[in-house]
Amino acid sequence: MNQENELTSEAHWDSNWKDFEPTIIKENDKILGQNGAFIKTLDKRWTIPPFSSVLELGGACSAYLCSLTKFRQVRASVIDYSKVGLSNTTKLFQLNGCNVDLHYGDLFSYEFPHSEFDCVVHWGLIEHFKDPIEVFSLSAKLLKPSGAAIFTMPNMEAYGVGLWKKYDTSDYNTHIYHSDEFISQLAEASGFSVHSIYYWGPPLYFNAGYWFKDQSFLKFVINFFVRCCSLISKIVPIFNIGHRKISAHRAFILIKD
C-alpha cells in the first residue's frame, strides 16, 4: 500500500488505543446488545449464521465484532498493525467471554493461514484511505464464493460534521468522504455486487465528548441532548431508524460474485 494513500499510521493507532478500557457488552445494550441497533439493522438485510468465519480488517478493539461473537456465535478473527490495539482486543474479548483469533501485521502483505472467510468486515477503515480499492480487492480475495463484505464508515453528510471539523480538526482530517457512487464503482471493479446501502446508529452528535475537549458549555449542551436521546431509546428504538442527515454510520453490504 502506498503510504501517501493512507491518512493514519501505526503510531496514530497505538496512541489512539493506549487509553482504551474494555467493558462488558450487556445483553440489553441499546447499540451492541442482543437486540441492539447494530445487530437489528444488520439482521434486516443480511443474516450471518452462527459459527460463520468473520474476519475484521483493521479490527483492533472492535466492540462490533465482539458483539457478533457474543450474540451471534461467529468465529472471529482480527488483523491489525497496532500491537497496543491487539493487546486491548484480547482484554475486550476475554472480558466478554469470547474467543478471537488475532493476526498482527499489515493487512495488505499479511499471509493468512486460512484464506477463505464467510464474511469480511470493517467498521471505520476505508475513510482513512484516499483510494481504498486495495481494501476491496483484498476483501474479495479473502472471501468464499458468495461471501459478504460488510462495513461502515462515519456518516460525513450528517448534521454535526461542521462541529467535528471545527473543534476536532486533526481527527476530522484523517477521514475522507467516499460517495455511494464511488463505493459502487470500487465494488464492481473488485468483483462484488452491492446488496445494501443504509444508515444506522445514534446521531453523529453522540461523538461530542471527543470533539469538544476545550468547550465545556458546548459539551454540556450536546451531552444533555445525548442523554435525552438515550432515555427515549429505552421506549422507542430510535437508533434503528437510519437517516442520511442524522445517523452516525453509513453501512454497506457487498456480495462476492
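All figures in this text were calculated on a predicted structure; none of them were measured in a lab.

Q: For this particular structure, what's the right way to read the packing of aromatic side chains?
A: Enumeration according to the criterion identifies 17 aromatic pairs in this entry. Ring centres of Phe151 and Phe252 lie 5.1 Å apart, and the angle between their planes is 15°; this geometry places the pair in the stacked category. In this pair, Phe151 is assigned in strand β5 (residues 143–154) and Phe252 in strand β7 (residues 247–256), connecting sequence segments 101 residues apart. In terms of burial, Phe151 and Phe252 fall into one category: buried. Each residue in the set Trp164, Tyr167, Tyr172, Trp211 and Phe212 is aromatic and connected to the rest through ring pairs, giving one cluster. Taking NZ or CZ as reference, Arg45 lies 3.9 Å from the ring centre of Tyr198, over its face. Lys245 extends its terminal NZ or CZ atom over the ring of Tyr159, reaching a point 5.3 Å from the ring centre.

Q: How should the nonpolar core be read in this particular structure?
A: For soluble globular proteins, nonpolar side chains are generally found buried alongside one another. Formed by 32 residues in total, the largest nonpolar core has its most connected members in Ile48, Leu68, Ile150 and Trp200. If you list the elements that add at least two residues to this core, you get α2 (37–43), α3 (63–72), β2 (75–80), α4 (83–95), β4 (117–123), β5, β6 (192–203) and β7. Beyond its immediate chain neighbours, meaning those up to four positions away, Trp200 contacts Ile31, Ala37, Phe38, Thr41, Tyr64, Thr152, Phe239, Gly242, Ser247, Ala248, His249 and Ala251.

What counts, and at which threshold
Residues numbered from 1 in each chain as written. Predicted model: local features only at pLDDT ≥ 70, side-chain atom pairs only at ≥ 80, totals over all residues. Heavy atoms only, no water. Phe/Tyr/Trp six-rings, centres within 6.5 Å; stacked < 30°, edge-to-face > 60°. Helix = DSSP H or I, 4+ residues; strand = E, 2+ residues; numbered from the N terminus. Buried < 20%, exposed > 50% of the residue type's maximum accessible area, 1.4 Å probe, protein only. Lys NZ or Arg CZ within 6 Å of the ring centre and 35° of its normal. Core = buried A, V, L, I, M, F, W, Y, C linked by side-chain atoms within 4.5 Å. Contact = heavy atoms within 4.5 Å.

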